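Analysis of the macromolecular model
Here are the chains, one letter per residue:
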Amino acid sequence: MSIVMDDYCKEIDESVKKTLERIKKEKESQVKQDVYPLSLLREKIREIASSLYGQNIVSAIDLSVPPPEIQSDFAIGAFSLSKQLKKSPSLISAELAQAINSAGLKDIQKAVATGPYINIFVERNKFYSDILQYANSMGDEYGRTFANKGKTVVIDYSSPNIAKPLGVGHLRSTIIGQALGNIYEWTGFSVVRDNHLGDWGTQFGELIYAYKKWSDGDIKEDHIRKLKDLYVRFHNELKENPDLKQEARKIFKELENGNEELFSLWKKFRDWSIEGFNRVYSRLGVKFDLYIGESYFAPHTPDIIRECLEKNLAKNEEGSQVVFVEENEGLPSFILRKEDGASLYITRDLSAVKFRVEKFAPSSILYVVGSEQALSFKQMFSLARKLGYLPENVKAEHIEFGMVLSNNKKMSTRHGTIVELEEVMGKAVERAAELLREGNKEITENEIKELSEIIGIGAVIYNDLRQSREKNISFDWEKSIKLEAGSCAYLQYAYVRIKSILSKLKNTDAVCEQYKFEHPKEFDLAKKVLLFPSIIKQAQENNALHILCIYLEELAQQFNSFYADVQVINTLDHSLLASRTALIKATALVIEKGLKLMEIKTPYKM
Ligand code: ARG
């Protein structure tokens, strides 16, 4: 092996080793239990139910928040218990309510059976007081749970093709994947963040040809754009001279056969590309453990193909090099090797899935990739299962998403819309700066620079995550940057507002034995704060970040409505002041943490 190739493999092995060491440490660290008041309450109720009906039914019991017209704090539905026990729901709710009442739990004032529901009324002052104490004392850790401790998830996201600028097409994968990684971590998973770069394929033969022929030996700056231009030039020249295709094929073949000079060139393109991608990633708060990419797997594809042939899962096409998998289980046939013997995307993915399972023993692998690849993933998963690369106990999920549209059209240079991610980000930041300038007379240029980055980038990320994943999304600049409900700025503004109230208070750390609540909106807000950990769990279980977004918007709205009715700064009663301070502090904490899980920063001023 040449030195360059050797270094390249070492680089990757090193990153895998580092990741494995981290995971090992995470798994050895003490398992902390989640001690949130709501979880503890649920556990106690489950104990009561299990002594009534037996241990195996308890998972059917959960506490939900009743609709506003119901007076209680929480409710338990008896439907799934009723199914399991083959008893009427209203009978169960009556029995369980009675058992809860006679158990005399200190947090519960009373349980009332109403039809199929058990309404739970908590000892409000004590219970909501506990919540605020917890939230504020946990600070930045508030919301973390541990149920998935010991499990590993591999997330394949961003995964752009090298030698091209990052486009809006990869924006969604990048943003969704990063945020998913965060909420998986936050529910106890060890997360392997893997950027499966598109860094192999016949196009690199074309690029090398063009580079050798038309660049003067080296490219000094703006590397990615220049590589893209070379690639475009190749395809233009190809129209005049179709023989170029053959030339490029030959080069790629030699590259696949390990030609050192070509490999060094290719490696240079790869390094330049990663450098460029990282510039965008760092502005979006995106980080990876691994940049393995397809090139690493290409050399293993002959073995994979051999195994498929041996196991009769694939066939040779007569008289050609093509290897294909027949139509099966409703999935159309597909090929594993091309006419010219070159390896293929799907075959490299098979090798990658095998590698991931062997190295990381994950409980699931998530592929954050656009919906247009749905069929390809179905085909790949199905074959990987048959080959035993993906055992029964490893879940593989295609986390699909729709396209990014502009005026209802797919973004493309042909439509005259911007397609490069850096441009999209630049435009958002510019618009944020304009709005800051308009709205603040006394703002300095330095502040505008810092704040417009936070607000503009926040808007790009939030605009994506707030909409349900499977839908196509669009950029409506005005809407996503302005202070309208549903925008990131709306949340950031609520945060800034709370911080400004807190800055006017003398003592924001005053704790008292038990907080005092007077106004119903205080309870409402505290209850919303309480739900944060379970919202993160829900978002993780459904791979749906918009659940978190909607929650944060409701929280901000409730804060605004609380603040319209309730005094904080001019509260004279000491313990009431301490309670309200703790309440808005916890609210700010949740907004900050919630945004941070999406890699959105909070401004100090707006
Ligand atoms: N590079 C591919 C593309 O841009 C996405 C790769 C996704 N990940 C994977 N394991 N196939 O379309």
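Residues numbered from 1 in each chain as written. Predicted model: local features only at pLDDT ≥ 70, side-chain atom pairs only at ≥ 80, totals over all residues. Heavy atoms only, no water.

Considering the overall build of the chain
Helix and strand content of the chain: 22 helices and 13 strands. Within the chain, buried positions represent 52% of all 606 residues. Within the chain, residue pairs in contact and separated by at least 24 positions form 74% of the contacts whose partners lie at least 6 positions apart. Element-wise, carbon and sulfur atoms account for 49% of the exposed surface of the chain, whose accessible area totals about 28,400 Å². Positive and negative side-chain charges in the chain, numbering 83 and 86 respectively, have mean positions lying 3 Å apart. (Helix = DSSP H or I, 4+ residues; strand = E, 2+ residues; numbered from the N terminus. Buried < 20%, exposed > 50% of the residue type's maximum accessible area, 1.4 Å probe, protein only. Contact = heavy atoms within 4.5 Å. Areas by Shrake-Rupley, 256 points an atom, 1.4 Å probe, with all protein chains shown as cover. Lys, Arg positive; Asp, Glu negative; His and termini not counted. Charge placed at Lys NZ, Arg CZ, Asp CG, Glu CD.)

So, the site of the ligand
Every residue lining the ligand is accounted for by D156, S159, N161, H170, H196, Y345, D349, Y367, V369, Q373 and F377. Taking D156, its side chain carries an N or O atom lying 2.7 Å from a nitrogen atom of the ligand. The separation between an oxygen atom of the ligand and a polar side-chain atom of Q373 is 2.9 Å. (Near = heavy atom within 4 Å. Polar contact = N/O pair within 3.5 Å; in protein donor to acceptor, adjacent residues only side chain to side chain.)

Overview of the pattern of salt bridges
On inspection of all chains with the given rule, the structure shows 46 salt bridges. A salt bridge links D156 to R356, with the nearest nitrogen and oxygen atoms 3.0 Å apart. Placement of D156 in strand β4 (residues 152-156) and of R356 in helix α13 (residues 345-360) is noted, with a sequence separation of 200 residues between them. Between E470 and R469 there is a salt bridge, with the nearest N and O atoms lying 3.8 Å from each other. (Salt bridge = Lys/Arg side-chain N within 4 Å of Asp/Glu carboxyl O.)

As for the sheet that holds strand β11 (residues 404-406)
Taking strand neighbours across the sheet as the criterion, the three strands line up as β12-β11-β13 in an open arrangement whose pairing is mixed. Lying at the two open borders of the sheet, with one neighbouring strand each, are β12 (409-410) and β13 (473-474). As judged from the two bridges shared by β11 and β12, these two strands associate in the antiparallel manner. Within the sheet, the bridge partner assigned to S406 lies in β12 and is K409. (Pairing = 2+ DSSP bridges.)

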